[in-house]
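Each chain, written out:
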Amino acid sequence: GGIDWKELSDILCDISDIACIIFYGYISMMVYAIMNILTGICVSNANKAAEDDVDNTAEEILKNDVNVARLRRILCGNASIINSKSSLDAEDQGKLTWAQLKVHLGDPKVRAYFKKIDLETWHLRSFFNLLKVGDEEPQVGIDQFIRGCMRLRCTVKNIDLMGALHESTECDARRQ
């Protein structure tokens, strides 16, 4: 129902050219607003789908990536380690600390596996720094650690931002 815009514009144009221009401007703005809303909905849905895809991809890689499986075996102590170093979970039942990981990073094979999943030693250190609260050394489950590393792999630049935020928070805490 309602009146056709063509009929309304014909009436307004007969009355005043300025009224006709204002009416066309109004129609243009409404079309622009509706298109903007529809674009926003589409972009929002695409972002959500991409976020879900990152989670699914990380889980798929966790399950199927050979390098991740090798890292898990090494960190859990089920693979041979240079100089017969003790496994990480012998002391802490599957928990990993930075000190323990640092021992394993002495193994060129371990460093190579991390490099194959696009993580450097400083990324791993930043990961543990983010978990640190006070002076206590953080511990994380090996599967949680590997899952966290895989999330860093998807967008490694996020660790830079989170590390900077953490350092800023620590500096503010020290000042007080």
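Scoring rules and cut-offs
- Residues numbered from 1 in each chain as written.
- Predicted model: local features only at pLDDT ≥ 70, side-chain atom pairs only at ≥ 80, totals over all residues.
- Heavy atoms only, no water.
- Helix = DSSP H or I, 4+ residues; strand = E, 2+ residues; numbered from the N terminus.
- Buried < 20%, exposed > 50% of the residue type's maximum accessible area, 1.4 Å probe, protein only.
- Areas by Shrake-Rupley, 256 points an atom, 1.4 Å probe, with all protein chains shown as cover.
- Axes fitted to C-alpha atoms, helices over the stretch in contact; angles between N-to-C directions.
- Left-handed = near helix turned anticlockwise from the far one by under 90°.
- Contact = heavy atoms within 4.5 Å.
- Disulfide = S-S within 2.5 Å.
- Phe/Tyr/Trp six-rings, centres within 6.5 Å; stacked < 30°, edge-to-face > 60°.
- Core = buried A, V, L, I, M, F, W, Y, C linked by side-chain atoms within 4.5 Å.
- Patch = residues over 30% accessible without salt bridge, like charges linked within 9 Å, V, L, I, M, F, W, Y side chains within 5 Å.
- Salt bridge = Lys/Arg side-chain N within 4 Å of Asp/Glu carboxyl O.
- Arc of directions from axis to C-beta.
- pLDDT = per-residue confidence, 0-100.
- Polar contact = N/O pair within 3.5 Å; in protein donor to acceptor, adjacent residues only side chain to side chain.
- Parallel < 35°, antiparallel > 145°, perpendicular 65-115°, else oblique.
- Nonpolar A, V, L, I, M, F, W, Y, C, P; charged D, E, K, R; others polar.

1. Some details on the overall build of the protein
Then step 1. Of regular secondary structure, the protein possesses nine helices and two strands.
Then step 2. Going from the N terminus to the C terminus, the protein shows its helices and strands as α-α-α-α-β-α-α-α-β-α-α.
Then step 3. Looking at the protein as a whole, 27% of its 176 residues are labelled buried.
Then step 4. Accessible surface, the protein as shown: approximately 12000 Å² in total, 56% of it carbon and sulfur.

2. Some thoughts on the packing of helix 3 (residues 66-76) against helix 6 (residues 108-116)
In a packed pair of helices, the relevant descriptors are the angle between the two axes and the axis-to-axis distance.
Then step 1. One can describe the packing of helix 3 onto helix 6 by two numbers: an axis separation of 9 Å at closest approach and a directional angle of 145°. With respect to the hand of their crossing, helix 3 and helix 6 are arranged in left-handed fashion. On helix 6, the residues touching Asn67, Arg70, Leu71 and Ile74 of helix 3 are Val110, Tyr113, Phe114 and Lys116.

3. Some details on the state of the cysteines
Then step 1. Within this structure, the stated rule accounts for one disulfide.
Then step 2. With a sulfur-sulfur separation of 2.0 Å, Cys13 is cross-linked through a disulfide to Cys20.
Then step 3. Residue Cys13 is classed as partly exposed on the basis of its relative accessible area, which comes to 28%.

4. A look at the packing of aromatic side chains
Then step 1. All told, the structure shown has four aromatic pairs when counted by the stated rule.
Then step 2. Residues Trp98 and Phe128 carry aromatic rings whose centres are separated by 6.0 Å and whose planes lie at 55° to one another, so their mutual orientation is tilted. Here Trp98 is found in helix 5 (residues 98-105), whereas its partner Phe128 is found in helix 7 (residues 121-131), with 30 residues between them in sequence.
Then step 3. Relative accessible area serves as the criterion here: at 1%, Phe128 is assigned to the buried category.
Then step 4. Counting every residue linked through ring pairs, the aromatic cluster contains Trp5, Phe23 and Tyr24.

5. As for the nonpolar core
Then step 1. Ranked by internal contacts, the top residues of the largest apolar core, which has 21 residues, are Leu96, Leu101, Phe114, Leu124, Phe128 and Phe145.
Then step 2. At the level of elements, helix 3, helix 5, helix 6, helix 7 and helix 8 (142-154) are the ones that each hand at least two residues to this core.

6. Quick look at a nonpolar patch on the surface
Then step 1. On the surface, Val31, Ile34, Met35, Ile37, Leu38 and Ile41 cluster together to form a nonpolar patch covering roughly 570 Å² of accessible area.
Then step 2. Following the sequence through the fold, Ile41 ends up in helix 2 (residues 17-64).

7. Regarding helix 5
A turn of α-helix holds 3.6 residues, and therefore any two residues three or four places apart point the same way.
Then step 1. By the burial criterion, the buried members of helix 5 are Trp98, Gln100, Leu101, His104 and Leu105. Seen end-on, helix 5 carries its buried residues on one side only, within an arc spanning 160°.

8. A look at the confidence of the model for the protein
The predicted coordinates should not be examined in detail at positions where pLDDT is low.
Then step 1. This prediction gives the protein a mean pLDDT of 76; 73% of its residues lie at or above 70.
Then step 2. The lowest-confidence element of the protein is helix 4 (residues 89-92), averaging 40 in pLDDT; the highest-confidence one is helix 1 (residues 5-15), averaging 90.
Then step 3. Below pLDDT 50 for its whole length, residues 78-93 participates in 23 contacts with residues either more than four positions away or in separate chains.

9. Considerations on the environment of Lys115
Then step 1. Among the structural elements, Lys115 can be located in helix 6.
Then step 2. Sequence separation of Lys115 and Asn67 is 48 residues, and the distance between their C-alpha atoms is 9.7 Å.
Then step 3. Among the polar contacts made by the side chain of Lys115, one reaches the side chain of Glu120 at a distance of 2.8 Å.

10. Considerations on the packing of helix 5 against helix 6
Then step 1. As a packed pair, helix 5 and helix 6 sit with axes 6 Å apart at the nearest point and diverge in direction by 105°. The orientation of helix 5 with respect to helix 6, classified from their angle, is roughly perpendicular. On helix 6, the residues touching Leu101, His104 and Leu105 of helix 5 are Val110, Arg111 and Phe114.
Then step 2. Classifying every residue of the contact of helix 5 with helix 6 gives four nonpolar, one polar and one charged.

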